[in-house]
Amino acid sequence: MRDDRLHIIVRRMTLDDVDRVVEIDRLSFPIPWPARSYRYELLNNRRNSTFYVVEKAQHSPQEREQPSGWIKRLIGAESHVPETPAPQVLAYSGFWHIADEAHISTIAVHPDWRGRKLGELLVWVMVRQAILQGATMVTLEVRVSNTVAQNLYRKYGFEITGLRRGYYHDNHEDAYTMTAAPLDAAYRARLQQYGKELLRHLRIEIAEDQHTG
């Protein structure tokens, strides 16, 4: 049976991704991060920061079943080896981990790919990784007007725990501080169930990274 789920790869962000990430950032936020901020996180703050990208897989499951390049050349189906296209980054996110707290610092999905559960997937991945790194709580800030994001965070156990007045510099909008805690066995069981739900919508490959800071 044909698998029509979007096939994506979740992996750690690299310096090669920065230009695409900045492009998505500019399409998503009134005051985007400059490229140097991402380079700093990747090069100078690796101990405390973890950044991810969602990349569209270059081949669908059906395409993977086709003969490999050298077989095609052998049977005359192609006369050259095609160049590997650059990764198509669809979304990105990042969090900082200090002591027992993980703080989600940024998350965005390219406008053309919103509504495909990629934002939720990144929340799931970051919370999962925060637990693996030993965090006992996850925090974030969100605009008080952004009810769509707030509803997603509530699904993942985040509750409003504070208000930061005038937090956003572009329009001085207030921000809610939201916290998910405790990340106990019951929470981890819910997280596992949400992962299974995501697999019904997305064909996900996660490139595991042993670096935990």
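Cut-offs applied
- Residues numbered from 1 in each chain as written.
- Predicted model: local features only at pLDDT ≥ 70, side-chain atom pairs only at ≥ 80, totals over all residues.
- Heavy atoms only, no water.
- Axes fitted to C-alpha atoms, helices over the stretch in contact; angles between N-to-C directions.
- Helix = DSSP H or I, 4+ residues; strand = E, 2+ residues; numbered from the N terminus.
- Parallel < 35°, antiparallel > 145°, perpendicular 65-115°, else oblique.
- Left-handed = near helix turned anticlockwise from the far one by under 90°.
- Contact = heavy atoms within 4.5 Å.
- Buried < 20%, exposed > 50% of the residue type's maximum accessible area, 1.4 Å probe, protein only.
- Pairing = 2+ DSSP bridges.
- Expected span 1.5 Å × (residues − 1).
- Arc of directions from axis to C-beta.
- Phe/Tyr/Trp six-rings, centres within 6.5 Å; stacked < 30°, edge-to-face > 60°.

Novice: Hey, could you run me through the packing of helix α1 (residues 18–28) against helix α2 (residues 35–44) in this one?
Specialist: How two helices pack is summed up by the angle between their axes together with the distance between the axes. Interaxial distance between α1 and α2 falls to 9 Å at its minimum, and their mutual angle equals 130°. Between α1 and α2, the crossing angle belongs to the class labelled oblique. Here α1 and α2 pass one another in a crossing that is right-handed. Touching V18, D19, V21, V22 and D25 of α1 are A35, Y38, R39 and L42, all from α2.

Novice: It is not clear to me how the environment of S105 should be interpreted in this structure. Could you clarify?
Specialist: On the secondary structure map, S105 appears in strand β4 (residues 101–109). Classification of S105 by relative accessible area gives partly exposed; the value is 22%. Placed 34 residues apart in sequence, S105 and T139 show a C-alpha to C-alpha distance of 9.0 Å. Residues within four places of S105 in sequence aside, it is in contact with W33, F51, G94, F95 and W96.

Novice: Sorry, what's going on with the sheet that holds strand β2 (residues 49–56) here?
Specialist: Sheet strands pair by backbone hydrogen bonding; their relative direction is either parallel or antiparallel. In spatial order, the strands read β6-β7-β5-β4-β3-β2-β1-β8; together these 8 strands make up an open sheet with mixed pairing. Where the open sheet ends on each side, the last strands, each with one partner, are β6 (159–164) and β8 (202–206). Recorded for the sheet is a direction-independent mean angle of 25° between the axes of neighbouring strands. Here 6 bridges tie strand β5 (residues 137–143) to strand β7 (residues 175–180), and the two strands are oriented antiparallel to one another. In the strand pairing of β7, V142 is matched with Y176. Sitting on the sheet, α1 is in contact with β2, β3 (88–98) and β4, with an inclination near 85° to β3.

Novice: When you look at the environment of P111 in this model, what are you seeing that I'm missing?
Specialist: Examined against the element boundaries, P111 turns out to sit in the loop between β4 and α5 (118–132). Taking the C-alpha atoms as reference, P111 lies 7.6 Å from S28; in sequence the two are 83 residues apart.

Novice: What is the right way to read helix α7 (residues 185–199) from this model?
Specialist: Along an α-helix, a turn takes 3.6 residues, which lines up residues three or four apart on a common side. Here α7 is 15 residues long and its end C-alpha atoms lie 21 Å apart, about the 21 Å a rise of 1.5 Å per residue gives. Taken together, the buried positions of α7 are occupied by Y187, L191, Y194, G195 and L198. What you see down the axis of α7 is that its buried residues fit within an arc of 105°, all on one side. More than 90 degrees from the buried face of α7, the exposed residues found are A185, A186 and Q192.

Novice: Please explain the packing of aromatic side chains as it appears in this structure.
Specialist: Each aromatic ring pair is specified by the distance between its two centres and by the angle formed by the two planes. Counted according to the given criterion, the structure contains 8 aromatic pairs. Residues W33 and W96 carry aromatic rings whose centres are separated by 6.3 Å and whose planes lie at 15° to one another, so their mutual orientation is stacked. Of this pair, W33 sits in the loop between α1 and α2 while W96 sits in strand β3; the two residues are 63 residues apart in sequence, bridging distant segments of the chain. On the accessibility criterion, W33 (22% relative accessible area) is partly exposed. Judged by centre distance (5.9 Å) and plane angle (90°), the ring pair of Y38 and Y92 falls under edge-to-face. With Y38 in helix α2 and Y92 in strand β3, this residue pair connects regions lying 54 residues apart in the sequence.

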